[in-house]
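Chain by chain, the residues:
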Amino acid sequence: MAANPGEDSTDAGGGPVRHIPVLLNEVLAALEPLPGKIILDGTFGAGGYTSAILGTGANVVALDRDPTAIEAGQALVAESQGRLRLVHSQFSRLADAAPSGGLDGVVLDIGVSSMQIDEADRGFSFLKNGPLDMRMSAAGVSAADVINRAKVADLIRIFHFLGEESQSPRIAHAIEKRRAEKPFETTRDLAGLIELVTPRKMKDKIHPATRVFQALRIFVNDELGELAQALFVAERVLKPGGRLVVVTFHSLEDRIVKAFFADRAGKASGSRHLPVAHERAATFERIGKPMVAATEAEAQANPRARSAKLRAGLRTAAPAEAADISIFGLPNLASLGKLGA
Ligand SMILES: C[S@@+](CC[C@H](N)C(=O)[O-])C[C@H]1O[C@@H](n2cnc3c(N)ncnc32)[C@H](O)[C@@H]1O
């Protein structure tokens, strides 16, 4: 598990944080944008990928669920002379923004931007004190709601599955005890308690609260569900010959993308219920290497790039397969959404 929401974007100088696009050359090589093509950038962020794609002469439809990213992107829309449409939307709904004739490419750069982590008010980082929020869309259930209201068994599952935190029961029980006296409100408040119950050891490379913060962020924003749905929708809206390029930053996300492309490669399949294997037509063929990581030079220059993994597929003419979420082998966390109700 490499993504590190609390620690991957410290700005030692204290100035505004710039988001450096990760694996940009590799993304462009896999996406092959050309004049006249229509590419959907599902994670506009600071517009790094979108600017580069516009630079090739292609048209871009860009989405972001964060209203501040959409606001900041208006200058690029104005500059683009009608070649960029920027839409406030989650990428699981990318079909709503796609032209009726389909798309030539879809790119997703999963996770949070450096600006989101850097803004203390968003509550993504325990390095800066802020409200325990973590909502990219600035709407819905916040991290504080989860911490203060979820059943202890659900907290254990969230920390264990989404953070791969081995001390989940200990942390969840300590949270339950503390919140009975006083609800958690800030990032430092929560990080402080976690540090108290699972103190940092000499060999630990990361802060004891890192995994819990990651789990909360993924849960609050339903990041795995968003990714899984976006892959299914991209399969439906890409034209034959269209390209799907996905950059992920931790193993849970990469596992989903890898499982999707493996499932869509059209291998023979069989199951206990359908023991006779049947051939399925591939809906995606691999583009280049199975997985592309950052070069040593990029990882040195941009710590965020260290855990990045790119996977890409070329859409065939075969009809889209069923959107069957079981191919990802994810545990059913939907019941957790009720927050202890
Ligand atoms: C890593 S940044 C993207 C950076 C961008 N590629 C660039 O070069 O500037 C991820 C962005 O995706 C957005 N995002 C994350 N999940 C999303 C979702 N499900 N739907 C739409 N946008 C999402 C975040 O708000 C954030 O702005």
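All values derive from a computational prediction rather than experimental measurement. (Residues numbered from 1 in each chain as written. Predicted model: local features only at pLDDT ≥ 70, side-chain atom pairs only at ≥ 80, totals over all residues. Heavy atoms only, no water.)

## As for the overall build of the chain
- Helix and strand counts for the chain come out as 14 helices and eight strands.
- Here the analysis covers contacts within the chain between residues at least 6 apart in sequence; of these, 70% occur between residues at least 24 apart.
- In the structure as shown, the chain presents an accessible area of about 15,700 Å², 54% of it carried by carbon and sulfur atoms. (Helix = DSSP H or I, 4+ residues; strand = E, 2+ residues; numbered from the N terminus. Contact = heavy atoms within 4.5 Å. Areas by Shrake-Rupley, 256 points an atom, 1.4 Å probe, with all protein chains shown as cover.)

## Some remarks on the site of the ligand
- Around the ligand sit 24 residues, and of these Asp64, Phe91, Asp109, Gln116 and Glu226 come closest.
- Here an oxygen atom of the ligand and a backbone polar atom of alanine 46 are 3.0 Å apart.
- Aspartate 109 has a polar side-chain atom sitting 2.7 Å from a nitrogen atom of the ligand.
- Within the complex, 99% of the 610 Å² of free accessible area of the ligand lies under protein.
- The cavity that encloses the ligand is the largest pocket. (Near = heavy atom within 4 Å. Polar contact = N/O pair within 3.5 Å; in protein donor to acceptor, adjacent residues only side chain to side chain. 1 Å grid on protein atoms, 1.4 Å probe; cavity = no way out; pocket = protein on both sides within 12 Å on 5 of 7 lines; lining within 4 Å. Sits in = over half its atoms within 2 Å of the grid points.)

## Thoughts on the packing of helix H1 (residues 24-31) against helix H2 (residues 48-55)
- One can describe the packing of H1 onto H2 by two numbers: an axis separation of 11 Å at closest approach and a directional angle of 50 degrees. The angle between H1 and H2 places the two elements in the oblique class. The two elements H1 and H2 cross, and the hand of that crossing is right-handed. Across the interface between the two elements, Leu24, Val27, Leu28 and Leu31 from H1 touch Gly48, Tyr49, Ala52 and Ile53 from H2. (Axes fitted to C-alpha atoms, helices over the stretch in contact; angles between N-to-C directions. Parallel < 35°, antiparallel > 145°, perpendicular 65-115°, else oblique. Left-handed = near helix turned anticlockwise from the far one by under 90°.)

## Section: the side chain of serine 80
- Mapped onto the secondary structure, serine 80 falls in the loop between helix H4 (74-79) and strand E3 (84-88).
- Of note is the side chain of serine 80, whose polar atom sits 2.8 Å from the backbone oxygen of valine 77.

## Concerning the layout of surface pockets
- The calculated volume of the largest pocket comes to roughly 550 Å³.
- In terms of lining, the largest pocket is formed by 34 residues, of which the most central are Phe44, Gly45, Asp64, Ser113 and Gln116.
- Among the elements of the structure, H2, strand E2 (59-64), helix H3 (67-72), helix H6 (114-118) and helix H12 (223-237) are those that each provide at least two residues to the lining of the largest pocket.
- The dominant element in the lining of the largest pocket, judged by the number of residues it contributes, is H3, at three residues.
- Classifying every residue of the lining of the largest pocket by side-chain character gives eleven nonpolar, 14 polar and nine charged. (Points joined across faces, edges and corners; volume = space filled by probe spheres on them. Nonpolar A, V, L, I, M, F, W, Y, C, P; charged D, E, K, R; others polar.)

## Comments concerning the nonpolar core
- One finds Phe159, Leu190 and Leu244 to be the most contacted residues of the largest nonpolar core, which totals 65 residues.
- Take this core: its biggest share by element is nine residues, from H12.
- Three or more residues apiece are contributed to this core by two domains, here domain 1 (5-114 + 223-328) and domain 2 (117-220).
- The contact partners of leucine 244, leaving out residues within four places of it in the chain, are Val106, Leu231, Ala234, Leu238, Phe260, Phe261, Phe284, Arg311, Ala312 and Gly313.
- Core analysis: the second largest hydrophobic core is formed by 28 residues, Val22, Phe44, Phe249 and Ala294 among them. (Core = buried A, V, L, I, M, F, W, Y, C linked by side-chain atoms within 4.5 Å. Buried < 20%, exposed > 50% of the residue type's maximum accessible area, 1.4 Å probe, protein only. Domains from an automatic or database assignment.)

## Thoughts on the environment of histidine 160
- With respect to the helices and strands, histidine 160 occurs in helix H8 (residues 152-163).
- As for histidine 160 and arginine 211, which are separated by 51 residues in sequence, their C-alpha atoms are 8.9 Å apart.

## Quick notes on the packing of H12 against helix H13 (residues 251-263)
- Where H12 contacts H13, the two axes come as close as 10 Å, and the packing angle between them is 25 degrees. Relative to H13, the element H12 lies roughly parallel. Crossing handedness for the pair H12 and H13: right-handed. Residues Glu223, Leu224, Leu227, Ala228, Leu231, Phe232 and Glu235 of H12 touch H13, and the partners they reach there are Leu252, Glu253, Ile256, Val257 and Phe260.
- Grouping the amino acids of the contact of H12 with H13 by side-chain chemistry returns nine nonpolar, no polar and three charged.

## A look at the packing of aromatic side chains
- Within the structure shown, the criterion is met by six aromatic pairs.
- An aromatic cluster is present here, built from Phe232, Phe260, Phe261, Phe284 and Phe328 joined pairwise through their rings.
- Across the ring face of phenylalanine 184, the terminal group of arginine 178 is positioned such that the distance to the ring centre comes to 4.1 Å.
- It is arginine 304 that lies over the ring of phenylalanine 249; its NZ or CZ is 4.3 Å from the centre. (Phe/Tyr/Trp six-rings, centres within 6.5 Å; stacked < 30°, edge-to-face > 60°. Lys NZ or Arg CZ within 6 Å of the ring centre and 35° of its normal.)

## A short note on unusual backbone geometry
- The phi torsion at alanine 138 lies on the positive side, around 55 degrees, for a residue other than glycine.
- Along the chain, alanine 138 turns up in the loop between H6 and helix H7 (143-149).
- With a phi close to 45 degrees, aspartate 222 is a non-glycine residue in the positive phi region.
- Judged by its relative accessible area of 45%, aspartate 222 is partly exposed.

## Quick word on the environment of aspartate 104
- With respect to the helices, strands and loops of the structure, aspartate 104 is situated in strand E4 (residues 103-109).
- Aspartate 104 gets classed as buried once you look at its relative accessible area, which sits at 14%.
- For the pair aspartate 104 and glycine 241, spaced 137 residues apart in sequence, the C-alpha separation works out to 7.3 Å.
- With near-sequence residues (within four places) excluded, aspartate 104 lies in contact with Gly36, Lys37, Ile38, Ile39, Leu238, Lys239, Gly242 and Arg243.
- For aspartate 104, the side chain forms a polar contact with the main-chain nitrogen of isoleucine 38, separated by 2.7 Å.
- At a separation of 3.2 Å, a polar atom in the side chain of aspartate 104 contacts the side chain of lysine 239.

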